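The primary structure of each chain is shown beneath.
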Amino acid sequence: MTQNFRWGLIGPGNIATRFAESLNFVEGTSLYAVASRDIKRATKFGEKFGARQCYQNYQALCEDPHVDAIYIATPHRFHFEQAHTCLTAKKPVLCEKPFTVNAREHQILVDLATQNQVFMMEAMWTLFLPTYRQIHHWLKEETIGDTKLLQSSFGFVAQRNPVGRLFNHELAGGTLLDMGVYNVAISQWLLKKPLKDVLAHAYIGATGVDETISVSMNFGDGVFSQFFSSFHSQLPNNFIVNGSKGSICIGKDFWGAEKVQLKIGNNIETLSFPFRGRGFEYEIEHAIACIQEEKTESNIMSHEATQSNMKIMDSIRQQIGLRYCFE
Ligand SMILES: NC(=O)c1ccc[n+]([C@@H]2O[C@H](COP(=O)([O-])OP(=O)(O)OC[C@H]3O[C@@H](n4cnc5c(N)ncnc54)[C@H](OP(=O)(O)O)[C@@H]3O)[C@@H](O)[C@H]2O)c1
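Every chain is numbered independently, its residues counted from 1 as its sequence is written. Whole-chain, interface and lining totals are the exception, using all residues; otherwise, since this is a predicted model, local features are given only for residues with pLDDT of at least 70 and side-chain atom pairs are given and counted only at 80 or more. Each side-chain value is derived from all of the structure's non-hydrogen atoms; neither hydrogens nor water enter the calculation.

> Could you give me a rundown of the packing of helix H4 (residues 79–88) against helix H5 (residues 103–116), with the residues and numbers involved?
Only the contacting stretch of a helix is used when fitting its axis, a line to C-alpha atoms as for every element, and angles between N-to-C directions run 0 to 180 degrees. Under the scheme used here, helices are H or I runs from DSSP no shorter than 4 residues and strands are E runs no shorter than 2 residues, and both carry numbers assigned from the N terminus. Look at H4 against H5: their axes get within 10 Å of each other, and the N-to-C directions meet at 5 degrees. Here H5 runs roughly parallel to H4, going by the angle between their axes. Between H4, through Phe 80, Ala 83, His 84, Leu 87 and Thr 88, and H5, the contact on the second element is made entirely by Glu 105, Ile 108, Leu 109, Leu 112, Ala 113 and Asn 116. The nonpolar class holds Ala, Val, Leu, Ile, Met, Phe, Trp, Tyr, Cys and Pro. Asp, Glu, Lys and Arg form the charged class, and all remaining residues, Gly among them, are polar. Class assignment of the residues belonging to the contact of H4 with H5 gives a composition of seven nonpolar, three polar and one charged. These descriptions rest on fixed angle ranges, namely under 35 degrees for roughly parallel, over 145 for roughly antiparallel, 65 to 115 for roughly perpendicular, and the rest for oblique. Residues count as neighbours in contact if any of their non-hydrogen atoms are within 4.5 Å of one another.

Pasting the structure below:
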């Protein structure tokens, strides 16, 4: 890794903090620049994390020749436009999940990245965690036999904050795009099979977003993945992978799991994989390596993987009748 790979950041809010903290656990990289609509917010964040440049618009960040890559950390609705601006300026992009609001937007970005030969990846940090490397190893070795039935949940009691993004229709709120995206992505990553069909039910609340959703994905040959995501209940938040010889239980909080349990017959083994830092360091390392190797996409979170997840979420939203006002 070259010394000082320089990150630019769009949207210095909640999750951007975790990204900036994680950078301290990756050698040879730093936060170089921050862009916000509000220069005071950019400056405050930039000072806290030692950024050298602060911009009050995103275009200026994209035009800075010293920026090696840009991390996008704004609400979902804005990812498409901001990633488009970055890719047009030929800046590599690591964009928070969900990459876009729908598959159509994502495909436009894939085409642009391909045309401009620029790297882009959805920041699906989960897949880069040490816990998931262990799971990958077990699946490769067929430790639990044929993987058949997956069951997972992602739920908590969410506060109805009128300025927050969770319940906000205009910001593409709702549980599916925010949390269910993990259940969908991990199911696809585990099974590596195309989906045959999906059945979804939802409770759409007063603000017009899905507040609870129940999904059953059918991958054919008796392979299913079921999940709940909800703003109404604290759920177990684990991910159980049942095979013909045993099972794997990922979690608690499967999307950021530091523990995983393997059960074969009556034998239960629990393994721990604590993060080196704040957890995003593994996806950051991977993105830097890809960019330095002049790749346009990741082999772990590929364009096809994101596109396929987006298509599944489009189908789910079609079934539950959730179309955002700006789509
Ligand atoms: N990977 C994970 O574990 C994880 C966890 C939580 C969230 N996320 C993802 O990260 C993204 C950001 O979530 P967050 O909770 O960090 O967001 P946030 O704190 O609410 O907002 C982050 C930034 O987005 C911009 N923004 C916020 N509301 C806006 C609005 N109404 N109009 C225009 N811009 C607005 C602001 O940028 P300016 O400063 O430029 O105004 C703000 O600083 C989401 O896509 C979410 O899915 C990922």
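Once you've had a look at it, read on.
> Got a sec to walk through the site of the ligand? Specific residues and values, please.
Here a residue counts as near a molecule or strand whenever at least one of its heavy atoms sits within 4 Å of it. Around the ligand, the surrounding shell holds 23 residues, and the nearest of these are Ser 36, Arg 37, Arg 41, Tyr 58 and Lys 97. Pairs of N or O atoms within 3.5 Å make up the polar contacts considered here, provided that, within protein, one atom can donate a hydrogen while the other can accept it, and that residues adjacent in sequence are counted only when both atoms are side-chain atoms. Measuring from an oxygen atom of the ligand, one finds a side-chain N or O atom of Ser 36 at 2.6 Å. Calculation on the ligand without its partners gives an accessible area of 900 Å², and the protein chains cover 83% of this total. Buriedness for pockets is judged along seven lines, at least five of which must meet protein on both sides within 12 Å for an open set on the 1 Å grid over protein atoms alone, while cavities are sets there where a 1.4 Å probe fits but cannot get out, and lining residues have an atom within 4 Å of a point. Molecules are considered to sit inside a cavity or pocket once more than half of their atoms lie within 2 Å of its grid points. When atoms are counted within 2 Å of each cavity's grid points, the one that captures over half of the ligand is the largest pocket. Contributing elements (two or more residues each) for the shell around the ligand: helix H1 (14–23) and helix H7 (175–191). Taken together, the residues that form the shell around the ligand break down as 10 nonpolar, seven polar and six charged. Computed by Shrake-Rupley with a 1.4 Å probe, the accessible areas treat only the displayed protein chains as cover when residues are assessed.

> Tell me what's going on with the layout of surface pockets, and back it up with residues and numbers.
Grid points are joined across faces, edges and corners, and a volume is the space filled by probe spheres set on the points. Roughly 1100 Å³ of internal volume is contained in the largest pocket. Lining the largest pocket we find 37 residues, and of these Asn 14, Ile 15, Ala 73, Thr 74 and Arg 165 sit closest to its centre. Among the secondary structure elements, those contributing two or more residues to the lining of the largest pocket are H1, H4 and H7. Of the residues forming the lining of the largest pocket, the biggest block, four residues, is contributed by H1.

> Hey, could you go over the packing of aromatic side chains for me, with residue numbers and the actual values?
Here the aromatic set is Phe, Tyr and Trp, taking the six-membered ring for Trp, and pairing holds for ring centres within 6.5 Å; pairs whose planes are under 30 degrees apart are stacked, those over 60 apart are edge-to-face, and all others are tilted. Taken as a whole, this structure holds 16 aromatic pairs when the rule is applied. Each ring, one from Phe 45 and one from Phe 49, has its centre 4.8 Å from the other, and the planes form 45 degrees; the classification is tilted. Linking Phe 45 with Phe 49, this pair stays in helix H2 (residues 39–49), spanning four residues, or about one helical turn. There is no split in this pair, since Phe 45 and Phe 49 are both buried. Aromatic pair Trp 125 and Phe 280: ring centres 5.0 Å apart, planes at 65 degrees, arrangement edge-to-face. Each residue's exposure class comes from its accessible area (1.4 Å probe, protein chains only) as a fraction of the maximum for that residue type: buried when under 20%, exposed when over 50%, partly exposed otherwise.

> Kindly report on the pattern of salt bridges, identifying the contributing residues and their values.
Salt bridges are defined as contacts in which a side-chain nitrogen from Lys or Arg sits within 4 Å of a carboxyl oxygen from Asp or Glu. Taken as a whole and judged by the stated rule, the model has 10 salt bridges. Among the ionic pairs, Asp 178 bridges to Arg 165, the shortest N-O distance being 2.4 Å. A residue pair is termed long-range when its members are at least 10 positions apart, and Asp 178 in helix H7 and Arg 165 in the loop between strand S7 (147–155) and H7 qualify at 13 residues. Linking Glu 327 and Arg 317 is a salt bridge whose minimum nitrogen-to-oxygen distance equals 2.7 Å. Residue Glu 327 is found in the segment after helix H9 (303–320), and its partner Arg 317 is found in helix H9; the two are separated by 10 residues along the sequence. The class for Glu 327 is partly exposed, based on a relative accessible area of 28%. Among the residues examined, Arg 317 registers a relative accessible area of 4% and is labelled buried.

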